Amino acid sequence: MSVAEAAGTSEVPEPGRRNRSSSPRQIPVVGVVTEDEDAQGAFKTMDLNRVIKLLEETDKDDLEEEQLKSVKKLVQCYQNGLPLRDLAQIFKILNLCAEKIENQPHFIESAFNILKLCGLPFLKKKVSDEITYAEDTANSIALLGELMKIPNSELRIQICKCIVDFYHAEPLKKHITGYQQASSSYKIKMAEVGGLAKKMVQSLALLENQLVEKLWVLKALQHLSTSEVNCTLMMKAQAASGICAHLNDPDPSGQLLFRSSEILWNLLEKSSKEEIIQQLSNLECLLTLKEVFKNLFMRGFSHYDRQLRNDILVITTIIAQNPGAPMIECGFTRDLILFATFNEVKSQNPLVKGLKLSNSYEDFELKKLLFNIIVILCKDLPTIQLLIDGKVILALLTYVKKPEKHKTIEWSAAQYEELQLHAIATLSSVAPLLTEEYMLCQGNARVLAFLQWCESEDSFFSHGNSYHGTGGRGNKFAQMRYSLRLLRAMVYLEDETINNDLCEKGTIQQLIGVFKNIIKSHDKEEAIVLEIQSDILLILSGLCEHHIPRKEIFGTEGVDIILHVMKTDPMKFQSGLGYNVLLFSTLDSIWCCILGCYPLEDYFLEKEGIFLLLDLLALNQKKFCNLVLGIMVEFCDNPKTTAHVNTWRGKKDQTAASLLIKLWRKEEKELGVKRDKHGMIIDTKKPLFTSFQEEQKIMPLPANCPTIAIMDVAENIRAKIYAVLGKLDFENLPGLSAEDFVTLCIIHRYLDFKIGEIWNEIYEEIKLEKLRPVTTDKKILEAITTASENIGKMVASLQSEMIESQAHQDVQNEQKVYAKIQATNKQRELASKSWENFLARTSNAKTLKKAKRLQEKAIESSRYSGQPPNAIFHRTDIKGLNTTVPSGRVVTVESTPARLLGGPLADTDIALKKLPIRGGALQRVRAAKTVNEPKKIAPT
């Protein structure tokens, strides 16, 4: 930070003043100082240059008294505050006085009095003074650190008091005409710019045996360390190691330890944490911390001592995170393990003999901090032997049991519950490192018994107050969650001794039962329940993997819980509560607990498990596709799977084959494989090349290193899709479109293309290594390359034929549709023309008569003209009818549309039962009938 920037951030310039920046002039809101008022100011008569000149003279012997008088007059003149414009000269006078102290002790009082003035407010005549005199002010304040070198206790203490006053600014006691007080943070900012903190840290080296002065310096540093800038300066001056090394120095008041620990806290929080840890990670600092902690642990009984003890332990915990810290070498690790376990494991060590923790808040926090530091210490492998010697596993396992009412109450119910959860969480980190100790202490049996209690319906009210007890209020979910975490950590060691012991104790059946009970229970803590379910499935996967007998124990009940999870609403996968983790655990359990055991595979198929897998694949979520396809590949080894896969139908009647081909196209699009708009191969030499492979240059690799072409097989899902479709047989796949068949041609030849790609890599590597193969090998390589390219051309040709065939088929289908449309339109035209003729006959009598004549003429012309003799002619038409429709005894009238007659029920008794209000069926009218008389109908 520059001087101007620091000054600029200390206070916003007041309106009505113009500083040296380009800010615009604003309306004044403060009083304007007139020349008359300025003439009446308190600093009008002091000539500082004369004082400086007087102090600089050394050739006369009788000047001391006059110099002291001039300084005394200066102090009296500025007793209400120091103007910023005079600050540089005043501090120059202070420095001149300090230089004379060694030979003229009388100047100690003068320097002391000027230092007192430094604690007074700084005054500004103009708003811009803070920026104008920022550099002079910063240099002046930095001089305070230089003056700490003067071997005078009073001066040093006064300097520290002056610095402390920076952070406790008081308003002006007396208003001075023409001046106003500088901003409260101005001194602090200038101290940062001047680097005062660094010089104060360096002054500590001068105060080894001067306790009072050291305490004042620490007090000043405590205030200075509240700033990040100062903490950075102190860090560069190695403040952390210097202060920590003297934590245990004699101090009856106790201030040294308190202030030092506060400074260390600030340094860790507000500067580079890694650098501070590195400074503290030396033998001297750790030995000091060890002694301080031991003294506070064994002899500290006050509330203040216990708080300070816990602070020291937290600082130690932070240092212990550095693997290079000599925690073991200084003996601190052994003592911490002893203090962490002496309550649970009896020890004859004199450090803890007769020592007992109370149930106070500070001792409770201490116990949790000790558990926490054990987790950090166990990451350093040499610590393992100390953990064994300290019987840490036995101590922690004492908490893995049902809470009981003890005769002597050490902790409250809420405290014990929190410690219990913390202990089990600590075991999850420590027990995998101490498997022998875990088994000797019957760890599996204890955890399973505790898990059984968690599942039981015993009356127990959990407080759920702590971080570890989240979501466990009023239930046992927190205890169950951490017990399962511990089991998961042990199972994932793949130690057969531990896993066999678990299986012999019925862990598989017990966990399946717990899962079923969790499903039945409806609890609000959904995230906790999902985590418990995920851990159960992961434990079962670890136990059953590669063991057919254990898979048989898993049985159909285990398959049922897997199927239950797979039927989860897909919308919940986006909820963020943990359904994704549960689904991954479920897919892992399918792989480890079902595949390879044929009875369970058949049961899974029988319960439509493959349908659920394909439904999951149809969600088109990339994070699941790889794992689901891997499971599909394994399941396809079962001959019963093919029928299930071919039977499945998705949305819009999509088939499994169509879904897989769609996933292939999407994968190739993401990989940047070159295809045309129809999905055809563009580059027959590199039909499978991705954009990444195009960017990467082929380079020679050792024989045991996979090349880019080999890695491509594992890094995307194309190989798995090829394997699944290969198991289904590429022929007779249902529900495929022409586009699907075009893509299927590429999938069918995936293995041939990949082999050609690998051979091409081999050929290119030989060229790069400048090796010349023998003639026969060269011909073989060229033949392989040519064959691979020919396959690509053949596939491209086949794709072209398919596209052309599909285009031709589309044209034919289009023509059929057009022909159908034409026929439909023609029928509509004929019907329309017939209707028009019909309307003309019914609305115009002349047209009707003309049509009748044409009809009769047509009838006559169609009759046989020659009649045999004596033949009797019978007429088939009825005379007098003005109709052009065939007539008979019964006539069907179609002139009026059915919708106007009320429908087909108009001439029935049913229609007459209900009288319509408006419209409806017509009523039947009774009329006299004439026997053997034709029915007469009005012409239509």
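Definitions and cut-offs
Residues numbered from 1 in each chain as written. Predicted model: local features only at pLDDT ≥ 70, side-chain atom pairs only at ≥ 80, totals over all residues. Heavy atoms only, no water. Helix = DSSP H or I, 4+ residues; strand = E, 2+ residues; numbered from the N terminus. Expected span 1.5 Å × (residues − 1). Contact = heavy atoms within 4.5 Å. Buried < 20%, exposed > 50% of the residue type's maximum accessible area, 1.4 Å probe, protein only. Axes fitted to C-alpha atoms, helices over the stretch in contact; angles between N-to-C directions. Left-handed = near helix turned anticlockwise from the far one by under 90°. Nonpolar A, V, L, I, M, F, W, Y, C, P; charged D, E, K, R; others polar. Arc of directions from axis to C-beta. Parallel < 35°, antiparallel > 145°, perpendicular 65-115°, else oblique. Salt bridge = Lys/Arg side-chain N within 4 Å of Asp/Glu carboxyl O. Disulfide = S-S within 2.5 Å. Phe/Tyr/Trp six-rings, centres within 6.5 Å; stacked < 30°, edge-to-face > 60°. pLDDT = per-residue confidence, 0-100. Patch = residues over 30% accessible without salt bridge, like charges linked within 9 Å, V, L, I, M, F, W, Y side chains within 5 Å. Areas by Shrake-Rupley, 256 points an atom, 1.4 Å probe, with all protein chains shown as cover. Lys, Arg positive; Asp, Glu negative; His and termini not counted. Charge placed at Lys NZ, Arg CZ, Asp CG, Glu CD.

*Asks:* Mind laying out helix α4 (residues 64–77), listing which residues take part and the relevant values?
*Replies:* In an α-helix, one full turn covers 3.6 residues, which means residues spaced three or four apart are oriented alike. Counted at 1.5 Å a residue, the expected span for α4 with its 14 residues is 20 Å, and the 20 Å between its end C-alpha atoms agrees. Check the buried side of α4 and you find it contacts α3 (48–56), α5 (87–100) and α6 (107–118).

*Asks:* Tell me what's going on with the environment of phenylalanine 107, and back it up with residues and numbers.
*Replies:* For phenylalanine 107, the location among the structural elements is in helix α6. Under the relative-accessibility criterion, phenylalanine 107 is labelled buried at 0%. In this structure the C-alpha to C-alpha distance between phenylalanine 107 and leucine 96, which are eleven residues apart in sequence, comes to 9.4 Å. The residues touching phenylalanine 107, leaving out its near neighbours within four places in the chain, are Leu55, Glu64, Gln67, Leu68, Cys97, Lys100 and Ile101.

*Asks:* Provide a residue-level description of the packing of helix α33 (residues 609–618) against helix α36 (residues 656–671), including the pertinent values.
*Replies:* Pairs of packed helices are described in terms of their axes, by the angle between the two and the distance that separates them. The N-to-C vectors of α33 and α36 enclose an angle of 35°; their axes lie 11 Å apart at closest approach. The way α33 lies across α36 gives a crossing that is left-handed. Where α33 approaches α36, its residues Leu614, Leu617 and Ala618 are matched on the opposing element by Ala656, Leu659, Leu660 and Leu663. Looking at the contact of α33 with α36, its residues break down into seven nonpolar, no polar and no charged.

*Asks:* Describe in detail helix α11 (residues 196–203), supporting the description with residues and values.
*Replies:* Along α11, the residues that are buried comprise Leu196, Ala197, Met200, Val201 and Ser203. Along the long axis of α11, the arc covered by the buried residues comes to 155°, so they all point the same way. Along its buried surface, α11 packs onto α8 (134–147), α9 (153–166), α10 (186–194), α12 (211–224), α13 (228–236) and α14 (239–244).

*Asks:* Requested: an account of the packing of α5 against α8, with residues and values cited.
*Replies:* Packing of α5 against α8 brings their axes to within 9 Å, and their N-to-C directions diverge by 20°. Here α5 is positioned roughly parallel relative to α8, judged by the angle of their axes. Pair α5 / α8 crosses with left-handed handedness. Where α5 abuts α8, its residues Leu87, Ala88, Phe91, Leu94, Asn95 and Ala98 lie against Asp136, Thr137, Ser140, Leu143, Leu144 and Leu147.

*Asks:* Can you lay out the pattern of salt bridges for me, pointing to particular residues and giving the numbers?
*Replies:* A side chain with one charge can pair with a side chain of the opposite charge if their charged atoms come near. A complete count under the given rule lists 34 salt bridges for this structure. Across the pair arginine 156 and glutamate 213 runs a salt bridge, and its minimum N-O distance is 3.1 Å. Of the two residues, arginine 156 is situated in helix α9 and glutamate 213 in helix α12; the sequence distance between them amounts to 57 residues. Of the residues examined, arginine 156 reaches a relative accessible area of 5% and is grouped as buried.

*Asks:* Please set out the state of the cysteines residue by residue, giving values where relevant.
*Replies:* Counted by the stated rule, this structure contains zero disulfides. Cysteine 162 takes part in no disulfide bond, and the closest cysteine sulfur to it belongs to cysteine 118, at a distance of 4.6 Å.

*Asks:* Help me get a handle on the packing of aromatic side chains, residues and values and all.
*Replies:* Here the structure, examined in full by the defined rule, presents 17 aromatic pairs. Judged by centre distance (5.7 Å) and plane angle (65°), the rings of phenylalanine 573 and phenylalanine 624 are edge-to-face. Of this pair, phenylalanine 573 sits in the loop between α30 (548–566) and α31 (579–594) while phenylalanine 624 sits in helix α34 (residues 622–635), and the two are 51 residues apart along the sequence. By relative accessible area, phenylalanine 573 is classed as buried at 6%. Classification of phenylalanine 624 as buried rests on a relative accessible area of 1%.

*Asks:* Lay out the confidence of the model for the protein chain in plain terms, naming residues and giving numbers.
*Replies:* Here the protein chain averages 84 in pLDDT, while 85% of its residues score no lower than 70. A low-confidence stretch, residues 8–42 (pLDDT under 50), is modelled with 44 contacts involving residues beyond four sequence positions or located in other chains. Confidence over residues 910–940 falls short of pLDDT 50; this stretch has 28 contacts with residues more than four positions distant or in other chains.

*Asks:* Which residues make up a positive patch on the surface, and what values do they have?
*Replies:* On the surface, Lys846, Lys849, Lys850 and Arg853 cluster together into a positively charged patch. In this fold, lysine 850 is placed in helix α43 (residues 845–862). In this structure lysine 850 comes out as exposed when scored by relative accessible area, which is 51%.

*Asks:* Account for the side chain of threonine 568, with residues named and values stated.
*Replies:* As for its placement among the helices and strands, threonine 568 is situated in the loop between α30 and α31. Residue threonine 568 is classed as buried on the basis of its relative accessible area of 16%.

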